[in-house]
Amino acid sequence: MSDHTPVSRHHRKKNHVLGIRRNKKYLRILLIVLLAALAAIVYFTITSGILADENPEISRHLITRINNERLAHNLPPVQENSTLTNQALLTSQNVRHSPTGHTSGSTAQTEQGTNVFTYPKLSWVLSAINLEPRFFDAWQKSDAGFTSDILNKEIGNVGIGISSEGYNYFIVTKWQ
């Protein structure tokens, strides 16, 4: 017999912690999920209008709700008037530049037939599907003149002006 006997080596199996393995499978999955979530958030932010200065969806929702309210009281629908819209936009921009001088629902600084409302952008984004009732009801509660203008049978035209700053929309309606 030979003096050399084969030495058997026993290799221990290493215990691996999740995400630390050489191929880092779990870490890759986590990064993919995080990137997908980030992409969804960016897409939602861009498409929601929270970054936009003007959001045309607001005026469309508002005109639809005003006309629905008028039809419920057997009044003819109002038409959007471009002259009134331009005047409302100017008023909205003035309110945006000096929001501290205006409180939502007050008509002290605006002429008769003009309603001003401040609405948070984030509320628009979070409630985009059910926006119309919440937005409209909040405006009606804060400004009694808005409701009386909607139900005024002598009014046939409306202009809606919208401007914004970082956190709020300033929405103005002018009636004729």
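Our subject is the structure that appears above.
Residues numbered from 1 in each chain as written. Predicted model: local features only at pLDDT ≥ 70, side-chain atom pairs only at ≥ 80, totals over all residues. Heavy atoms only, no water.

Points about the environment of Thr83
Relative to the assigned elements, Thr83 resides in helix 3 (residues 82–97). On the basis of relative accessibility, which here comes to 48%, the residue Thr83 falls in the partly exposed class. Separated by 75 residues in sequence, Thr83 and Val158 place their C-alpha atoms 9.3 Å apart. (Helix = DSSP H or I, 4+ residues; strand = E, 2+ residues; numbered from the N terminus. Buried < 20%, exposed > 50% of the residue type's maximum accessible area, 1.4 Å probe, protein only.)

Thoughts on helix 3
Because the α-helix completes a turn every 3.6 residues, residues three or four places apart line up on one side. Across its 16 residues, helix 3 extends 23 Å between first and last C-alpha, which sits within 8% of the 22 Å expected from 1.5 Å per residue. Of all the residues in helix 3, the buried ones are Leu84, Thr85, Ala88, Thr91, Ser92 and Val95. In an axial view of helix 3, the angular spread of the buried residues amounts to 125 degrees, which keeps them on one side of the axis. Opposite the packed face of helix 3, turned more than 90 degrees from it, sit the exposed residues Ser82, Leu90, Asn94 and His97. Structurally, helix 3 contributes buried residues whose contacts are with strand 1 (79–80), strand 2 (114–120), strand 3 (157–164) and strand 4 (168–175). The N-cap of helix 3, judged by a side-chain oxygen 2.8 Å from the amide nitrogen of Thr83 a few residues on, is Asn81. (Expected span 1.5 Å × (residues − 1). Arc of directions from axis to C-beta. Contact = heavy atoms within 4.5 Å. Polar contact = N/O pair within 3.5 Å; in protein donor to acceptor, adjacent residues only side chain to side chain.)

Observations regarding the environment of Phe146
Here Phe146 shows up in helix 6 (residues 144–150). Measuring from C-alpha to C-alpha, the distance between Phe146 and Asn115 comes to 6.1 Å, with 31 residues separating the pair along the chain. Not counting chain neighbours up to four residues away, the residues in contact with Phe146 comprise Leu62, Ile66, Asn115, Phe136, Trp139, Gln140, Thr173 and Trp175.

A look at the pairing of strand 3
Of all eight residues in strand 3, seven are buried; the element is thus mostly enclosed. In the sheet, strand 1 pairs with strand 3 via two bridges, with the strands oriented parallel. When the sheet's bridge partners are listed, Glu80 is paired in strand 3 with Val158. The pairing of strand 3 with strand 4 spans seven bridges and is classified as antiparallel. Directly across from Ile160, in strand 4, lies its bridge partner Thr173. Hairpin connection of strand 3 to strand 4: three residues between the antiparallel strands. (Pairing = 2+ DSSP bridges.)

Focus: the sheet that holds strand 1
If you trace the four strands from one edge of the open sheet to the other, you get 1-3-4-2, paired in mixed fashion. Two strands close off the open sheet at either side, each with one partner strand: strand 1 and strand 2. Each of strand 1, strand 3 and strand 4 touches helix 2 (residues 56–72); the most contacted strand, strand 3, lies at about 150 degrees to it. On the sheet, helix 3 packs against strand 1, strand 2, strand 3 and strand 4 and is oriented at approximately 30 degrees with respect to strand 3. (Axes fitted to C-alpha atoms, helices over the stretch in contact; angles between N-to-C directions.)

Worth remembering: the numbers are spatial, not functional.
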